[in-house]
Amino acid sequence: GEDVEQSLFLSVREGDSSVINCTYTDSSSTYLYWYKQEPGAGLQLLTYIFSNMDMKQDQRLTVLLNKKDKHLSLRIADTQTGDSAIYFCAEIPMDSSYKLIFGSGTRLLVRP
Amino acid sequence: EPEVTQTPSHQVTQMGQEVILRCVPISNHLYFYWYRQILGQKVEFLVSFYNNEISEKSEIFDDQFSVERPDGSNFTLKIRSTKLEDSAMYFCASERRDSYEQYFGPGTRLTVT
């Protein structure tokens, strides 16, 4: 079945890079996403990558996709205290009506 | 920038009561979704809706749940007879046609006592 796994917690120092990892099981996934959730807020779409791509860069964000290992990562360059939040990885399986399957989220804490 | 809105932000109800959670999707979006997140658990898909019909629903979305788009702007989730285990944050999302970008509302926290 479909499953998305993430590590629960990551702590980095302000100005360092953060790398948040995710693994998924459905090899037919078409799109893979990163969402950000700040306390008391909804899910903010950060970026996504189509399964035929290896990498996507958007300002401070870099998404890397390793289809062979079913591994997705989100790198945040020059991490700021405002980046502290929960980051969710999600996939859309091929045979669905575009429903998102979410991981459990990684809580990123940025220390000053 | 257009955004998805949801009301109320917090709803407290007694077990067995009916609740209606309301969402106003982004105006030119055609695909609508409901998800929920029980405290400490993953965000789970409930239902997708397109062209005034349910496209897909999860096992969670049983006969107690229904969705409706009563007018051109609102998208509602009704729970007919709430149970304690329905306590969760409910998120609405909408998507432009074939954009693959789902935009989420801030959520409604439902507490069933």
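Since the structure is predicted, the reported quantities are computational estimates derived from the model, not experimental observations.

## Details of the overall build of chain A
Within chain A, the secondary structure is distributed over zero helices and 11 strands. Secondary structure elements in chain A, listed N-terminal to C-terminal, are β-β-β-β-β-β-β-β-β-β-β. Expected size for 112 residues packed as a compact globule is a radius of gyration near 13 Å; at 13 Å, chain A falls within 12% of this value. Summarising its shape, the C-alpha atoms of chain A cover approximately 45 × 30 × 20 Å along the three principal directions.

## Describing the state of the cysteines
Covalently bonding the sulfur atom of one cysteine to the sulfur atom of another cysteine gives a disulfide. All names here are of chain A. The tally for this structure, following the rule as stated, stands at two disulfides over all chains. Each sulfur in the disulfide pair C22 and C89 lies 2.0 Å from the other. Torsion about the S-S bond of the C22 and C89 cystine: about -65°, corresponding to left-handed handedness. With a gap of 67 residues between them, C22 in strand β3 (residues 18–24) and C89 in strand β9 (residues 85–92) connect regions that are remote in the sequence. There is no split in this pair, since C22 and C89 are both buried.

## As for the packing of aromatic side chains
According to the stated counting rule, one finds 21 aromatic pairs over all chains in the structure shown. Taking the centre distance of 5.9 Å and the plane angle of 55° together, the rings of Y31 of chain A and Y48 of chain A count as tilted. Of this pair, Y31 of chain A sits in strand β4 (residues 31–37) while Y48 of chain A sits in strand β5 (residues 43–50), and the two are 17 residues apart along the sequence. As far as burial versus exposure is concerned, Y31 of chain A and Y48 of chain A are alike and both buried. Centroid distance F49 of chain B to F75 of chain B: 5.3 Å. Interplanar angle 40°. Geometry classified as tilted. Pair noted here: F49 of chain B is in strand β5 (residues 43–50) and F75 of chain B is in strand β8 (residues 75–79), with a separation of 26 residues, a long-range link. Note on accessibility: F49 of chain B and F75 of chain B belong to one class, buried.

## Considering the interface of chain B and chain A
Bring the parts together and some accessible area is lost; that lost area is often taken as the interface size. Across the contact, 19 residues belong to chain B and 21 residues belong to chain A. If you sort the residues of chain B by the area they bury against chain A, K42, Y100 and F104 of chain B come out on top, with a joint share of 37%. Put simply, chain B and chain A have three salt bridges between them. The residue K42 of chain B makes a salt bridge to E5 of chain A at a minimum N-O spacing of 4.0 Å. Inspection of the region where chain B meets chain A yields eight residue pairs in polar contact (both at pLDDT 80 or more). Counting only elements with at least two residues in the side of chain B that touches chain A, the list comes to β4 (31–37), β5, β6 (53–57), β9 (88–95) and β10 (102–104) of chain B. Looking at the side of chain B that touches chain A residue by residue, the class counts come to nine nonpolar, six polar and four charged.

## Observations regarding the sheet that holds strand β7 (residues 61–66) of chain A
Residues and elements named next belong to chain A. One open sheet holds the five strands; their spatial order is β1-β3-β8-β7-β6, and the pairing between them is antiparallel. Edge strands, defined here as strands with exactly one partner in the open sheet, are β1 (4–6) and β6 (55–58). The sheet shows a mean angle of 15° between the axes of neighbouring strands, taken without regard to direction. Two strands pair when backbone bridges link them, and β1 and β3 are joined in this way by three bridges, in the antiparallel orientation. Opposite V4, over in β3, you have Y24 as the bridge partner.

## Quick look at the pattern of salt bridges
For the structure on display, the rule yields seven salt bridges over all chains. D69 of chain A is paired through a salt bridge with K68 of chain A; the nearest N and O atoms lie 3.6 Å apart. For R36 of chain B, the salt bridge identified is with E44 of chain B, shortest N-O distance 3.3 Å. Taking relative accessible area as the criterion, R36 of chain B reaches 9% and is therefore assigned buried.

Rules and cut-offs
Residues numbered from 1 in each chain as written. Chains lettered and ligands numbered in written order. Predicted model: local features only at pLDDT ≥ 70, side-chain atom pairs only at ≥ 80, totals over all residues. Heavy atoms only, no water. Helix = DSSP H or I, 4+ residues; strand = E, 2+ residues; numbered from the N terminus. Rg over C-alpha atoms; globule rule 2.2 N^0.38 Å. Disulfide = S-S within 2.5 Å. Buried < 20%, exposed > 50% of the residue type's maximum accessible area, 1.4 Å probe, protein only. Phe/Tyr/Trp six-rings, centres within 6.5 Å; stacked < 30°, edge-to-face > 60°. Contact = heavy atoms within 4.5 Å. Buried area = accessible area lost by both parts, 1.4 Å probe. Salt bridge = Lys/Arg side-chain N within 4 Å of Asp/Glu carboxyl O. Polar contact = N/O pair within 3.5 Å; in protein donor to acceptor, adjacent residues only side chain to side chain. Nonpolar A, V, L, I, M, F, W, Y, C, P; charged D, E, K, R; others polar. Pairing = 2+ DSSP bridges. Axes fitted to C-alpha atoms, helices over the stretch in contact; angles between N-to-C directions.

By themselves, these are just geometric observations and shouldn't be taken as functional.
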